[in-house]
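# Close look at the chain arrangement
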Amino acid sequence: MRKVMVYGFLTILLSLMLSISTWAGWDPARKQKEKALVQETITSFKKADSSMQLFFDKAYGYVVFPSVGKGGFIVGGAHGDGWVYEKGTFIGRASIVQVTVGAQVGGQSFREIIFFKNKAALDDFKQGNFELNAQVSAVAVKEGASKDASYDSGVAVFTMPRKGLMAEATVGGQQFKFTPK
């Protein structure tokens with residue numbers, strides 16, 4: 001059991017170190033690169049499901065995570081950075097951290113967009129009172145998927161795989177941090 005905990009801790013530590021290192025260097029063009037990745041992610045979601053436009057049009061706000069890296073062996077972790085929008089206007093950045101425990105092996109990256117139905121749901125997110133757990137299910141984006149999707153407690157979550165392979169049956173949750181621009 002101790003060996004499993006050590007491997008899990010090392011996996012999470014490595015994930016965090018890799019995510020921090022990408023932000024450590026100064027890059028004057030970083031904001032433009034990030035904006036392009038966010039726009040590319042939004043375009044990819046709309047292309048995969050043309051009815052997704054309704055969520056962008058009607059949501060009070062949303063957060064776009066262009067890439068969330070995830071890995072694990074028994075214990076796993078994930079991290080990603082994104083941009084937050086209120087009524088279509090960029091208002092700040094967000095980070096996502098996920099910790100899971102259970103049968104899992106591998107690594108993958110995915111995109112995620114979280115829509116907030118109303119001001120109260122977005123305010124909860126901005127104030128740090130927001131956490132996704134097993135009760136909130138994410139919809140894998142494909143044509144027509146968003147037609148049947150609905151808000152759960154003012155939130156709708158959509159994901160799209162990028163690359164990698166991971167097998168898992170886990171329990172965990174996602175926590176977020178909001179930083180105003």
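In this report, the structure presented in the accompanying data block is examined. (Residues numbered from 1 in each chain as written. Predicted model: local features only at pLDDT ≥ 70, side-chain atom pairs only at ≥ 80, totals over all residues. Heavy atoms only, no water.)

## Regarding helix 2 (residues 30-48)
- Over its 19 residues, helix 2 runs 27 Å from end to end, which matches the ideal 27 Å to within 8%, given 1.5 Å per residue.
- Within the span of helix 2, buried status applies to Glu34, Val38, Thr41, Ile42 and Phe45. Down the axis, helix 2 shows its buried residues gathered within 95° of arc, on one side only. For helix 2, the exposed residues lying more than 90 degrees away from the buried face are Gln32 and Lys47. (Helix = DSSP H or I, 4+ residues; strand = E, 2+ residues; numbered from the N terminus. Expected span 1.5 Å × (residues − 1). Buried < 20%, exposed > 50% of the residue type's maximum accessible area, 1.4 Å probe, protein only. Arc of directions from axis to C-beta.)

## Brief notes about the packing of aromatic side chains
- As enumerated under the stated definition, the model contains 14 aromatic pairs in all.
- Both rings, one in Tyr62 and one in Tyr85, keep their centres 5.0 Å apart while their planes meet at 20°; by these two values the pair is stacked. The residues Tyr62 and Tyr85 share a single accessibility class, namely buried.
- Plain terms: the ring middles of Trp83 and Phe90 are 4.4 Å apart, the flat faces sit at 40° to each other, and that makes the pair tilted. Judged on exposure class, the residue Trp83 and its partner Phe90 are both buried.
- Put simply, the rings of Phe55, Phe56, Tyr62, Trp83, Tyr85, Phe90, Phe115, Tyr151 and Phe158 pair up and form one aromatic cluster. (Phe/Tyr/Trp six-rings, centres within 6.5 Å; stacked < 30°, edge-to-face > 60°.)

## Things to note about the pattern of salt bridges
- The final tally for this structure, using the stated rule, is six salt bridges.
- Between Glu34 and Arg30 there is a salt bridge, with the nearest N and O atoms lying 3.0 Å from each other. Taken together, the residues span about one helical turn, with Glu34 and Arg30 both in helix 2 at a distance of four residues.
- Taking relative accessible area as the criterion, Glu34 reaches 11% and is therefore assigned buried.
- One salt bridge connects Asp123 with Lys126, and the closest N-O pair in it is separated by 3.7 Å. Linking Asp123 with Lys126, this pair stays in helix 4 (residues 119-126), spanning three residues, or about one helical turn.
- By sharing partners, the salt bridges in this structure join Glu86, Lys119, Asp123 and Lys126 into a single network. (Salt bridge = Lys/Arg side-chain N within 4 Å of Asp/Glu carboxyl O.)

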